[in-house]
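# Overview (structure and organization)
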Amino acid sequence: MSKSLKNFITIREALSTHTARQLRLAFLLHSWKDTLDYSTETMKVALTYEKMVQEFFLNVKAMLRNQSSSGVDLLQKWGQDELELNNAFLAKKQAIHEALCDSLDTRSVMDTIRELVAVSNVYIKKKGENKMTSNAYLLKLIACYISKMLQTFGASSKDDMTGSGGQDATGTGNVEDTVMPYLEAFSDFREAVRKVAREQNVKELLLLCDGVRDSVLPNLGVRLEDVDGQRPLIKLVDRETLLKEREEAERQKNEEAERKRKEKEEREKKEAAKEAQNKIPPSDMFKNEMDKYSKFDEKGIPTHDGAGEELTKNQLKKLQKMYQDQEKKYNTWMKKQENAAGGNK
């Protein structure tokens, strides 16, 4: 990259399309001794990484809010899943320490953090599938460690695990701390309405609840995720991000609908062509091929080719086999028509 090749870009220009944090993530995902190719693909990797980490933080904070913050409920007994996750956490911490001691290998550090998030997500998914509650405080330890590491690299803010990162309208409090009690009250009310609607089979109410979740809240920068058997997860996310997610979901939905429409259309065409072929009497199946055949026997099977030459035994055998196959199809079709006619009487 150089001015002479006209592919030079300044940090200021790069910051016009990406945030400082995204650029730092791109740098961290490469070894300091390797050449970094600043490109759309490079930044796409950084953006994906940022989304992965942020989504993990949002999930952990939502689970922490849904669990008791004091008393006996705070001390959850660890099972085998928690022990395995904690062992993985300790192993990843050691791997990160070794990578940093190895000439500040930030690429390996970032890869290890990605693996740690993946292991944690597998744990969360497994608990959810078994209708069990994840140990939010073990997950908090992991999330806070990741947040601290990224903060050390300048690729995270202190608010990743403590709030939404902004102040409220008065300038004296955290946005998340201010609005969350109201959002939780609304979420609980909505969940109670959904429960009654399901019990009484009121589909209109369920549609309204879905509409609030999918259309109203995203415009306010709130993502509400329904979890089977548990309280919904509430996440404060940038409004523009949520709107882009909604647009992408709508695009994928439309593409899927279009794909299914085309598949259905193709199936119907094949069925129509098959139906049209089946209804042809075997005696007529070769009559549209007068350019290939000039004479036929009493069944309608060709005996001479278009030039008037008598067909060979192998050719006749092949045509007779085609005739027999069509005869079976035609008889089946006729039987189907007779049954349909009998059913309409």
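Everything numeric here is computed off the predicted structure, so don't read it as measured data.

Counting its secondary structure elements, the protein chain contains 10 helices and 4 strands. Dimensions of the protein chain, computed from C-alpha atoms along their principal axes, come out at roughly 100 × 70 × 45 Å. The proportion of buried residues among the 345 residues of the protein chain is 30%. Taking contacts inside the protein chain between residues at least 6 apart in sequence as the whole, the part at least 24 apart equals 56%. For the protein chain, the centre of its 59 positive side-chain charges and the centre of its 57 negative side-chain charges are spaced 2 Å apart.

Below, the discussion takes up the nonpolar core. Among the nonpolar cores identified, the biggest contains 39 residues, and Phe56, Met110, Ile113 and Ile146 are the most heavily contacted of them. Counting residues per element, the ones that place at least two in this core are helix H2 (20-28), helix H3 (40-66), helix H4 (80-101), helix H5 (106-129) and helix H6 (136-152). The element best represented in this core is H3, accounting for 10 residues. Setting aside residues up to four positions removed in sequence, Ile146 forms contacts with Val53, Phe56, Phe57, Ile113, Leu116 and Val117.

What follows concerns the confidence of the model for the protein chain. Model confidence for the protein chain is summarised by a mean pLDDT of 85, while 90% of its residues fall at 70 or above. Helix H1 (residues 11-15) is the least confidently modelled element of the protein chain, averaging 82 in pLDDT, while H4 averages 95, the highest of any element.

The set of residues buried in H2 consists of Arg21, Gln22, Leu23, Leu25, Ala26 and Leu28. For H2, the secondary structure elements touched by its buried residues are H1, H3 and H5.

Take the packing of H2 against H3 next. Across the interface, H2 lies against H3 with an axial gap of 9 Å and an inter-helix angle of 110 degrees. Between H2 and H3, the angle falls in the class roughly perpendicular. Contact residues: Arg21, Gln22, Leu23, Leu25 and Ala26 in H2; Thr42, Met43, Ala46, Leu47, Tyr49, Glu50 and Gln54 in H3.

Left-over empty space is what a probe sized like a water molecule reveals as it rolls over the atoms. In this structure, the second largest pocket spans a volume of roughly 390 Å³. Lining the second largest pocket are 16 residues, with Met63, Ser134, Val227, Gln230 and Leu233 positioned closest to its centre. Among the elements that make up the lining of the second largest pocket, the one with the highest residue count is H5 (4 residues). Broken down by class, the residue content of the lining of the second largest pocket amounts to 5 nonpolar, 9 polar and 2 charged.

Moving on, we get to a nonpolar patch on the surface. A surface patch of nonpolar side chains, about 280 Å² in accessible area, is lined by Ile11, Leu15 and Phe27. Along the polypeptide, Leu15 turns up in helix H1. The class of Leu15 is partly exposed, set by a relative accessible area of 41%.

Let us look at the side chain of Lys235. Structurally, Lys235 can be placed in strand S2 (residues 233-236). By relative accessible area, Lys235 is classed as buried at 1%. Side-chain polar atoms of Lys235 contact the side chain of Glu55, separated by 2.8 Å. Within the structure, Lys235 has its side chain in polar contact with the side chain of Asn59 (distance 2.3 Å).

Here we take up the packing of H3 against H6. Between two packed helices, what matters for the description is the angle formed by their axes and the separation of those axes. Contact geometry of H3 with H6 gives a least axis separation of 10 Å together with a crossing angle of 145 degrees. Taken as a pair, H3 and H6 cross one another with a handedness that is left-handed. Contacts from Val53, Phe56, Phe57, Val60, Met63 and Leu64 in H3 reach Ala136, Tyr137, Leu139, Lys140, Ile142, Ala143, Ile146, Ser147 and Leu150 in H6. A class-by-class count of the residues in the contact of H3 with H6 yields 13 nonpolar, 1 polar and 1 charged.

Structurally, the position occupied by Arg194 is in helix H7 (residues 175-199). By relative accessible area, which is 13% here, Arg194 ends up buried. Of the polar contacts made by the side chain of Arg194, one reaches the side chain of Glu191; its length is 3.1 Å.

Moving on, we get to the packing of aromatic side chains. By the definition in use, this model includes 4 aromatic pairs. Ring geometry for Phe89 and Tyr145: centres 5.7 Å apart, planes at 70 degrees, overall edge-to-face. Pair noted here: Phe89 is in helix H4 and Tyr145 is in helix H6, with a separation of 56 residues, a long-range link. For the residue pair Phe89 and Tyr145, the accessibility class agrees, reading buried in each case.

The rules we used
Residues numbered from 1 in each chain as written. Predicted model: local features only at pLDDT ≥ 70, side-chain atom pairs only at ≥ 80, totals over all residues. Heavy atoms only, no water. Helix = DSSP H or I, 4+ residues; strand = E, 2+ residues; numbered from the N terminus. Buried < 20%, exposed > 50% of the residue type's maximum accessible area, 1.4 Å probe, protein only. Contact = heavy atoms within 4.5 Å. Lys, Arg positive; Asp, Glu negative; His and termini not counted. Charge placed at Lys NZ, Arg CZ, Asp CG, Glu CD. Core = buried A, V, L, I, M, F, W, Y, C linked by side-chain atoms within 4.5 Å. pLDDT = per-residue confidence, 0-100. Axes fitted to C-alpha atoms, helices over the stretch in contact; angles between N-to-C directions. Parallel < 35°, antiparallel > 145°, perpendicular 65-115°, else oblique. 1 Å grid on protein atoms, 1.4 Å probe; cavity = no way out; pocket = protein on both sides within 12 Å on 5 of 7 lines; lining within 4 Å. Points joined across faces, edges and corners; volume = space filled by probe spheres on them. Nonpolar A, V, L, I, M, F, W, Y, C, P; charged D, E, K, R; others polar. Patch = residues over 30% accessible without salt bridge, like charges linked within 9 Å, V, L, I, M, F, W, Y side chains within 5 Å. Areas by Shrake-Rupley, 256 points an atom, 1.4 Å probe, with all protein chains shown as cover. Salt bridge = Lys/Arg side-chain N within 4 Å of Asp/Glu carboxyl O. Polar contact = N/O pair within 3.5 Å; in protein donor to acceptor, adjacent residues only side chain to side chain. Left-handed = near helix turned anticlockwise from the far one by under 90°. Phe/Tyr/Trp six-rings, centres within 6.5 Å; stacked < 30°, edge-to-face > 60°.

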